[in-house]
Amino acid sequence: MTTTAATPAPASRNWLRDSVIGLMWRSPQGRVGLIILLTMFFLGLFAPLITPYDPSVGAFATNLPPGAGHPLGTTALGQDIFAQLLYGARLTLLIGLASGAISTLIGTTMGLTAAYFGGRIGAVINLITNVVLVVPGLPMLIVVSAFLRGTGVLSIILVIALTGWPWGARVLRSQALTLRERDFVHAATMSGESHVRIVFKEMLPNLAGIIAANFFSTALYAVLSEASLSFLGIGDVSKVTWGTMLYWAQAKQALLQGSWWWVAAPGLGIALLGTAFALLNFGIDEISNPKSGHRTKAPKALDPVDGTPVNGNGALLSITNLNAGYSTPEGNVRAVRDVTLDIAPGEFVGLAGESGCGKSTLAFAATRLLESPGVVFSGQSRLNGKDLLRMNAEELRQIRWKEYSLVFQASMNVLNPVIKIREQVYDAMQAHGVKDAATLDRRARELFELVGIRESYLDAYPHQLSGGMKQRVVIAIALALEPKLVVMDEPTTALDVVVQRQILQEINDVRRRLNISIIFITHDLSLLVEMSDRMAIMYAGEIVELASADDIYMRPKHPYTQKLMTAFPPLSGDRERREGIPGRPPSLSLELSGCPFFDRCSLRIEGKCDTQKPALVQVEVGHQVACFLHSGAVDAGKTLNPDLGVNA
Amino acid sequence: MIYILKRLGLLLFTLWIAATFNFILPRLVPGDPVGAMMARYQGQMTPEAAEALKKAYGLDNLGSPLQEYFHYLVNILHGDFGRSVSHFPSPVSEVIGNAAPWTIGLIGVTTILSFLIGSLLGLFSAWRKGTFIADILPPLALFINAMPYFWFAQLLVYFFALKRDWFPLSGNLDAFVGDAWTPKWIASMLQHALLPGLTIVVTAAGGWLITMRNNVMSVLSEDYLAFARAKGLSEGRILNRYVLKNAMLPSLTAFGMALGFVVGGAILVETVFSYPGLGFYLYTAVNALDYPLMQAIFLMIATSVLVANFIVDLLYAVIDPRVRDGKAR
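Residues numbered from 1 in each chain as written. Chains lettered and ligands numbered in written order. Predicted model: local features only at pLDDT ≥ 70, side-chain atom pairs only at ≥ 80, totals over all residues.

*Asks:* Hey, could you run me through the overall build of chain A in this one?
*Replies:* When its secondary structure is counted, chain A shows 22 helices and 12 strands. Buried positions account for 47% of the 648 residues belonging to chain A. Across chain A, contacts joining residues at least 24 apart in sequence account for 69% of those joining residues at least 6 apart. (Helix = DSSP H or I, 4+ residues; strand = E, 2+ residues; numbered from the N terminus. Buried ≥ 20, exposed ≤ 12 C-beta atoms within 10 Å, placed from the backbone. Contact = placed C-beta atoms within 7 Å.)

Written out as structure tokens, the structure reads:
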């Protein structure tokens, strides 16, 4: 297999990218923050080289306005404000960074311990965290510092750190709790690794982003607290920090004297430093926390298509040359490659393939539900002759659910947790013109009966239902307006086998009664063989075989399909050893010049399959396959414009 | 119900911690606090004041620390915080009683205002992400949030009270303004409240903006939102019932906290404007080593924060069905 993609970046560069500094640099906000912070750091470090003056010695005329010799003027005590600002950066930064570091250390330790051990230790730590969290910060600082009066910078750092940690502890705990449930941590626990090792080797690296974000937000808190305390004269006002500069300006009534620059300069410094910390926090959070997301609303419509629409074959849904995928900073991922597929009215079409082969992306792209960073690059998807990919938002809103609906893969979280199920059944109908209360109620009851849930659950909240019941609710909602097409993305994977069968039976009955077309996505092949009229086998973003379920099961033609069929147990017959398919599918960010299955294929033809791409062509009535073993047809290379999918 | 009891338990426990902390702290100061204060006032302190102080600290009967502690707890339960040193012979409770309405009025109103303004802008900034105004808001908010707010207050004073005398420099009312709640009194009150109020609204709104924006962004990436879109619901309905209802929840916690902090006042704003609220008195108490007043205000702030938190927890149970059933949070 040859690729036209750029060679992968060397490991060292990746390491840098993934490190915390990489995290800071990757977002524009973080970059600005880092530049401000470093500038201040070096200004403070090289202060003696930049200014000849001593910041605490009042050697000049008092209250000079900014001008030659004194770029920021002088104080009422005759000190050079510019020199104070430069030297003040040292302690200000030290206090901010040191308090931030200590407080992050405490918060991380507390949060991780609470999450990792849970139980009684967790409960005690939670209690301590909550108590410190609600104790008011500044008054507490003032009172404590009043008792520590005159003890200097170190006690200020400690006091700030000791009041600033609980928020971070809380955030970290909840993140660590979800992490703890992940497979790799379970695996480590099972393999008998020590607690310390699991926490430091397995969990901590995954929390680096959050810890870093937390550090910068506490540093911001520390800088502002120091400014406030110093301004009130608490702490050591003989030391030069931006906070104590504000204190002296106030004490010497700088504003009444008209020396506004004396107040403006250190305050602006603090605000900028604080902004730098906040930007770093913000930037890291945006990148390391997927929840803060980059998703936008309904993806943009494609430009009007050139050429004449190809339709008229009586299909309900007609997908033509669809290219879709994801846009990432590393380049485009082409998860769906030049797919053409027709769905007839009332037809049950199964989409199968290994995970990551583009099944879901295809379904979402074709129904215009692919959310950013997902992108549809080109193609058509015509429902009843109208191209979904070129509708405006309002046209789309109107036909959604009325003409087609979806059952999502993760139905656990598709119901709004804070409103009643009744409202969520109603609003789909209300949005499409059903307004009458009696009709709504009758229809809701009908639907619930249809999927076998008691009516009383209409007035429940989602969390009161089991997973299976939620799934049924979602299916009921999907059928509410009797759409002609329902896309089901692994609708039953999360359910136990008995419930699964029951639901599938119901879906099938409803479909036959109402003549609904169904696109059914799953990697459970035996299920598909049993239910489908036709099946499409996807591999690396392409449909490699398309035929009736019978043909796919009894007479698979593509080597990949053949392998798949032996990898899954048959519906009946003897148990025998199943073999998986060795190797992995190619990365979807690569452009391939040959057959995508080449690497793993035991029947490959060297020199042909790796240089030419087999076209998906009909080799028997109703049986299409893309393989040189069955047809010599070459995909003439519907190559996309080179900026797609290539790591530039 | 169990949820409420748990929260109530935490409230009482935390209150007790705060009170105990308040008891221990003065005792940690090298030497005894009364001695320190006597030294500071260098004979200016009247014998009565010294006596009152000793009494306030339970130093007059010199029981065991444990006895002192229980004596202290009983006293604060009766609302008896002793007499203020800096406002001698006024009882601490009277000083607080005079200051509290000003703080609660000024800081309370502005806290609510800044919460509403900031949250609305945050919602806008997340919902319309990608448009120029929506994208310029977060960095602006970060900067505003990072300003020392007393510094912003000073700039306001300089430009609007010193350079042009549009507003008074300090205080809460003009002298000789007459009876309360007359039009003249109200006008004077508003004029004095405007600059400190503006300081709080502007500087706090930045934080609310960021909080709300983050909440909305995280709701926007939830599966139930994709589902709502797939259902073809109108944007208005999605915004109202799906986004706002979920995004509001975390903001509410923070808002409850902020309401609790109202009693503590924006210490530095009150200080810059010499606005005679609790924050200002806390500051003067610290400077005057008026331990009884300091402790009482601190305890009051802690109490109000805790109670506000408790109320938010109850409210949470009303809004979020999961919390009501003890399944989340």
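That covers the picture; the talk isn't over yet.
*Asks:* Sorry, what's going on with the environment of G314(A) here?
*Replies:* Relative to the helices and strands, G314(A) resides in the loop between α13 (260-288) and β1 (317-328). Residues G314(A) and I343(A), 29 residues apart in the sequence, show an inter-C-alpha distance of 9.1 Å.

*Asks:* How do you make sense of the confidence of the model for chain A when you look at a structure like this?
*Replies:* Detail in the predicted coordinates should be disregarded across regions flagged by low pLDDT. All names here are of chain A. In the predicted model, chain A carries a mean pLDDT of 81, and 85% of its residues have values of at least 70. Note that pLDDT drops below 50 for residues 291-298; the model gives that stretch 23 contacts with residues more than four away or on any other chain. Below a pLDDT of 50 lies the segment residues 638-648, which in the model reaches 24 contacts outside its immediate sequence neighbourhood of four places, other chains included. (pLDDT = per-residue confidence, 0-100.)

*Asks:* How do you make sense of helix α11 (residues 195-231) of chain A when you look at a structure like this?
*Replies:* One turn of the α-helix equals 3.6 residues, which is why residues spaced by three or four share an orientation. Residues and elements named next belong to chain A. Taking 1.5 Å of rise per residue, the 37 residues of α11 would be expected to cover 54 Å, yet its terminal C-alpha atoms sit only 45 Å apart, more than 12% below that figure. Helix geometry: α11 is bent most strongly at L204, by close to 60°, with proline P205 lying one to four residues after it. Here α11 lies mainly inside the structure; 26 of its 37 residues are buried. Directly beyond the C-terminal end of α11, a positive phi value near 85° is found at G233. (Expected span 1.5 Å × (residues − 1). Bend = angle between axes of the 7 residues up to and from the residue.)

*Asks:* What exactly am I supposed to notice about the domain arrangement of chain A here?
*Replies:* Where interface size is quoted, it is often the accessible area lost as the parts come together. Domain boundaries in chain A define domain 1 (24-49 + 83-289) and domain 2 (318-403 + 519-570 + 579-647). Spacing between the C-alpha centres of domain 1 of chain A and domain 2 of chain A amounts to 50 Å. (Domains from an automatic or database assignment.)

*Asks:* Where do I start with the interface of chain B and chain A in this structure?
*Replies:* On the chain A side, the residues contacting the 63 residues of chain B number 59 residues. Looking at side-chain class alone, the side of chain B that touches chain A contains 39 nonpolar, 12 polar and 12 charged residues. (Nonpolar A, V, L, I, M, F, W, Y, C, P; charged D, E, K, R; others polar.)

*Asks:* Got a minute to help me understand the pairing of strand β2 (residues 331-343) of chain A in this structure?
*Replies:* In regular strands, side chains alternate between the two faces of the sheet. Residues and elements named next belong to chain A. Most of β2 is tucked away: 10 of the 13 residues are buried. Pairing analysis gives nine bridges linking β1 to β2, with the strands arranged antiparallel. Following the sheet pairing, T328 is matched in β2 by G331. In this antiparallel pair of consecutive strands, β1 and β2, the connection spans two residues. (Pairing = 2+ DSSP bridges.)

*Asks:* Looking at this structure, how should I read helix α8 (residues 183-220) of chain B?
*Replies:* Its 38 residues place the ends of α8(B) only 48 Å apart at the C-alpha level, less than the 56 Å of an ideal helix rising 1.5 Å per residue. Where α8(B) bends most, the angle comes to about 40°, and this point is L194(B), followed within four residues by the proline P196(B).

*Asks:* Which parts of the structure should I look at to understand the sheet that holds strand β8 (residues 517-521) of chain A?
*Replies:* Backbone-to-backbone hydrogen bonds join strands into a sheet, with any given pair of strands oriented parallel or antiparallel. All names here are of chain A. Pairing within the open sheet is mixed, and its eight strands lie in the order β6-β7-β8-β3-β9-β10-β12-β11. Two strands lie at the open edges of the sheet, namely β6 (404-407) and β11 (617-620), each paired on one side alone. Averaged over neighbouring strand pairs, the angle between their axes works out to 20° when direction is ignored. (Axes fitted to C-alpha atoms, helices over the stretch in contact; angles between N-to-C directions.)

*Asks:* Hey, could you run me through the confidence of the model for chain B in this one?
*Replies:* Confidence along chain B averages 81 in pLDDT terms, with 88% of residues attaining 70 or more. In the predicted complex, the global pTM is 0.80; the interface-specific ipTM is 0.80.

*Asks:* How do you make sense of the nonpolar core when you look at a structure like this?
*Replies:* Membership of the largest hydrophobic core comes to 254 residues, with the highest contact counts inside it found for I537(A) and I297(B). Looking at this core element by element, the count peaks at 18 residues for α11(A). When residues of this core are assigned to domains, at least three map to each of domain 1 (24-49 + 83-289) and domain 2 (318-403 + 519-570 + 579-647) of chain A. Residues in contact with I297(B), not counting those within four places in the same chain, are I96(B), L278(B), Y281(B), L282(B) and A285(B). (Core = buried A, V, L, I, M, F, W, Y, C linked by C-beta atoms within 7 Å.)

*Asks:* Would you take a moment to explain the packing of helix α5 (residues 92-127) of chain B against helix α12 (residues 278-287) of chain B for this structure?
*Replies:* All names here are of chain B. Closest axis-to-axis distance for the α5/α12 pair is 8 Å, and the angle between their directions is 135°. Looking at the two axes, α5 sits oblique to α12. Across the interface between the two elements, V95, I96, A99, A100 and T103 from α5 touch L278, G279 and Y281 from α12. A per-class count over the contact of α5 with α12 returns six nonpolar, two polar and no charged. (Parallel < 35°, antiparallel > 145°, perpendicular 65-115°, else oblique.)

*Asks:* How should I be thinking about the sheet that holds β2(A) in this particular structure?
*Replies:* Residues and elements named next belong to chain A. With respect to topology, four strands assemble into an open sheet ordered β2-β1-β4-β5, the strand pairing being antiparallel. On the outer flanks of this sheet lie β2 and β5 (386-387), each paired with one strand and no other. Its contacts with the sheet put helix α14 (residues 359-366) on β1, β2 and β4 (374-383), and the angle it makes with β1 is roughly 110°.

*Asks:* Explain the pairing of strand β9 (residues 534-539) of chain A to me, please; I cannot follow it from the model alone.
*Replies:* All names here are of chain A. Summarising burial for β9: six of the six residues are buried, a large majority. What you see with β9 is no split at all: R534, A536 and M538 on one side and M535, I537 and Y539 on the other are buried throughout. Bridge analysis of strand β3 (residues 348-352) against β9 gives four bridges, and the strand direction is parallel. Residue pairing across strands places A352 opposite I537, the latter belonging to β9. Sheet analysis places β9 next to strand β10 (residues 542-548), joined by six bridges and oriented antiparallel. Its bridge partner being in β10, A536 is matched across the sheet by L546. Connecting β9 to the next strand, β10, in antiparallel fashion are two residues, including A540 with a positive phi near 50°.

*Asks:* What am I meant to see in the environment of L123(B) here?
*Replies:* Residue and element names in this part refer to chain B. Examined against the element boundaries, L123 turns out to sit in helix α5. For L123, a count of 21 C-beta atoms within 10 Å gives the class buried. C-alpha separation for the pair L123 and R213, spaced 90 residues apart in sequence, amounts to 5.6 Å. Every residue in contact with L123, bar those within four places of it in the chain, is listed here: M212 and V216.

*Asks:* What is the right way to look at the environment of I284(A) in this model?
*Replies:* Summarising the element assignment, I284(A) is placed in helix α13. C-alpha separation for the pair I284(A) and N214(A), spaced 70 residues apart in sequence, amounts to 9.6 Å.

*Asks:* What's the story with the packing of helix α5 (residues 81-117) of chain A against α11(A) in this structure? I'm lost.
*Replies:* A pair of packed helices is characterised by two quantities: the angle between their axes and the separation of those axes. Residue and element names in this part refer to chain A. Running from N to C, α5 and α11 cross one another at 140°; their axes reach a closest spacing of 7 Å. Between α5 and α11, the interaxial angle falls into the category oblique. The crossing of α5 and α11 is right-handed. Residues of the contact of α5 with α11, tallied by class, amount to 12 nonpolar, 10 polar and one charged. (Left-handed = near helix turned anticlockwise from the far one by under 90°.)

*Asks:* What am I meant to see in unusual backbone geometry here?
*Replies:* When glycine is set aside, most residues are seen to have a negative phi, and most peptide bonds are trans. Residues and elements named next belong to chain A. At N384, a residue that is not glycine, the phi angle is positive and equals roughly 50°. Among the residues examined, N384 registers 16 C-beta atoms within 10 Å and is labelled partly exposed. Backbone geometry places N515, a non-glycine residue, at a positive phi of 55°. With respect to the secondary-structure elements, N515 resides in the loop between α19 (497-514) and β8. Classification of N515 as exposed rests on a count of 12 C-beta atoms within 10 Å.

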